[in-house]
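Architecture at a glance
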Amino acid sequence: MTIADVFAKARAENRGLLVGCMPAGFPTVDDSITSMVAMAESGCDVIEVELPYSDPVMDGPVIQRASDIALAGGVRTRDTLRIIEAVAGTGATVVLMTYWNPIEKYGVDAFARDLAAAGATGMITPDLIPDEAAEWIAAADRHRLDRTFLVSPSSTDARIAMTVGQCRGFVYATALMGVTGARTSVSSQASELVARVRAADPELPVGVGLGVGTGAQAAQVAAFADGVIVGSALIRCVLDAPDRATGLRRLGALSTELADGVRAAAPAGTETPPRR
Amino acid sequence: MSDLPDLAGHFGRYGGRFVPEALVKALDELDEAYRSAKQDADFQRRLHDLMTGYAGTPSLLYRAERLSERLGAEILLKREDLNHTGAHKVRNVLGQALLAQRMGKHRVIAETGAGQHGVASATAAALLDLECVVYMGETDTQRQALNVARMRMLGATVVPVATGSRTLKDALNEALRDWVSSVGTTHYLLGTAAGPHPFPEIVRDFVGGIGAEARAQCLDRLGRLPDAVAACVGGGSNAIGIFHAFVGDESVRLYGFEAGGEGVQTGRHAASITGGSAGVLHGARTYVLQDDDGQTVASHSISAGLDYPGVGPEHAWLHDSGRAVYEPVTDADAMAAFQLLCRTEGIIPAIESAHALAGAARIAPMLRAELGRPPVIVVNLSGRGDKDVHTAGAYFGILDEREQLAAGEQT
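A quick note: this is a predicted structure, and the numbers were derived from the prediction, not measured.

**Considering the overall build of chain B**
What chain B contains, in helices and strands, is 17 helices and 14 strands. Over its C-alpha atoms chain B spans a radius of gyration of 20 Å, differing by no more than 12% from the 22 Å that the globule rule assigns to 411 residues. For chain B, the spread of C-alpha atoms along the three principal axes comes to 55 × 55 × 50 Å. In chain B, which comprises 411 residues, the proportion classed as buried is 63%.

**Topic: the UniProt feature "domain: Tryptophan synthase beta chain-like PALP" (unreviewed entry) in chain B**
Per the UniProt record, "domain: Tryptophan synthase beta chain-like PALP" (unreviewed entry) is found at residues 57-383 of chain B. A helix fraction of 44% and a strand fraction of 21% characterise residues 57-383 of chain B, whose end C-alpha atoms lie 14 Å from each other.

**Observations concerning the interface of chain B and chain A**
Taken together, the contact between chain B and chain A spans 27 residues of the former and 32 residues of the latter. Of all the secondary structure elements, the ones that give two or more residues to the side of chain B that touches chain A are α1 (24-38), α8 (168-182) and β11 (277-281) of chain B. Top element by residues in the side of chain B that touches chain A is α8(B). It accounts for 6 residues. Of the residues in the side of chain B that touches chain A, the class split is 11 nonpolar, 10 polar and 6 charged.

**Quick notes on the confidence of the model for chain B**
Low pLDDT means the predicted coordinates in that region are not meant to be read closely. Residue and element names in this part refer to chain B. Looking at chain B as a whole, its pLDDT mean stands at 95, while 97% of the residues score no less than 70. Note that pLDDT drops below 50 for residues 407-411; the model gives that stretch 8 contacts with residues more than four away or on any other chain. The complex prediction reports pTM at 0.95, with the ipTM value standing at 0.94.

**Considerations on the UniProt feature "active site" (unreviewed entry) in chain A**
All names here are of chain A. As recorded in UniProt, the feature "active site" (unreviewed entry) lies at Glu-48 and Asp-59. The residue Glu-48 is located in strand β2 (residues 46-50) in this model. With residues near it in sequence (within four places) discarded, Glu-48 still touches Val-19, Gly-20, Cys-21, Val-95, Met-97, Ile-124 and Ile-229. With respect to the helices and strands, Asp-59 occurs in the loop between β2 and α3 (61-72). In contact with Asp-59, not counting residues within four places along its chain, are Gln-64, Val-179 and Thr-180.

So, how was this worked out
- Residues numbered from 1 in each chain as written.
- Chains lettered and ligands numbered in written order.
- Predicted model: local features only at pLDDT ≥ 70, side-chain atom pairs only at ≥ 80, totals over all residues.
- Helix = DSSP H or I, 4+ residues; strand = E, 2+ residues; numbered from the N terminus.
- Rg over C-alpha atoms; globule rule 2.2 N^0.38 Å.
- Buried ≥ 20, exposed ≤ 12 C-beta atoms within 10 Å, placed from the backbone.
- UniProt positions renumbered as here; feature names shortened; annotations may be inferred.
- Contact = placed C-beta atoms within 7 Å.
- Nonpolar A, V, L, I, M, F, W, Y, C, P; charged D, E, K, R; others polar.
- pLDDT = per-residue confidence, 0-100.

Right, here's the structure in full:
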């Protein structure tokens, strides 16, 4: 299924869409595949595979640690493609999140070709803004991949309009000014940002990430956004577990909790009204 | 050449902005503040007053008589080591701290490797009453403990960074993460002519006085331009600072000397241009030490200030265009030059600057043969060696066991 299809399906079911993130190769290539498949089976609509990178400046301590473990284990870019292929092969919808240098090193067009062949629907680029993305935009068109750029509470309206204009599939709205990592409460900046994105483009689905880690928070975000993106909280299930089986069990349980969250009615009187 | 970068910060294919969207607004604001400050006579006067009355510039251009004799060249040392805080860095931090004030930001953050930029930032913050947080790799806080103490004395908070390789690159990552979270109230006082636009341009311009002064001092002293200008290159701020005024002078050869560590062929070095390849790191496209997958590779140098796996984008462009020549200098060659300057001129240089001296010693015979006379070479003595006394003492084995212990406690 394309990203547009899964968003349309979630919309038809009058619920939010759940995106779950896991670094490729964490803690090993095979284990990361098992984790991702478990997440998909437990309710994640989209699996966001993060390509581990040595200098992840948008990521907080949890994803840094998981990426370090994956890299120390020797995971390569081609392993990430293999992981995507395996997970997409189970029928899951897979999108890649990656910092830019590994893609530039691989060759932008060659990577887009191989990413499409592996079955991913597109790519989220946390440190590539549309201003620098001419090569990727062309490659994405050529290989029919979706492009997800980020918008932030600090983005001007003009930049939001420009950025959503270059997105295809969905746009990633960062809920707060900060790096990835679960927070105790959902930032109030998130709903305002989503409203500004909607003003620029009423049709493009909006996924909200940064700081979401519980079912209740997922419900809160699903009340005003199309998609809820969760990374650190899921990764921590594996990172903090005493053994692999426990980690997988916790990962499945949290995925289920989050999936219930995006299906729950929004708490009354919070945030902006849902758009439908 | 002098109209680079373009409005989006590109030097040819290098530079630009490879940053999270969250930082774009702050970078735009910084760009705007800088452009208006450039036209603002009051700002320029304030900066000038601080540079002359506080930082001690213009720095001397010193003819190193005995060193010249030894090298068979006329060596002119640009004495940035005599500036307040002991390096060229003070030029950049005073400029940026004034900009921070102008933007109404009361907190500055900085990354530091050897600690020189951290000390300079803490100094400027103390002077202008700004809160200052310095990120420093845990490994570097241990090998440069004296500078950690300096920063704390000046009122700064030093945060040891224990992620990744625990050195300068990780300190930079952590500073960027702080900035993503605090950008509304905080200015990132970037320490070198690297990072996303407009930093490479702003830093170059603030340190550009080095070259402008050296050029005028040469004309005044010799009635002519030098044959070559030599500088060490880590991130590359002192080098771009001295090169910039000479870029349009075709007769002046520009030489950047990178940290060759144990030799580029060993893989243990910090020579991004001569031993790396084009890539994206810390917000800009430039030369990077990276593996086949584009993962950053750890750098190595005896000099903490050059121990960085990237380089400012303008150097990448100057290299590709052929206007400047970049060569590696090994730890061993740098330390030999360090000792030579100590013994011939009574000047203890920063180990960073010793790379430029070693490079000058290497090019001198070649230029002499080509020109048929002793060449005039301006060497940027970018910093003083006080911070390196422990490293150098251990390297040369001039301390006995008890003295080493004492030096270790002290540094």
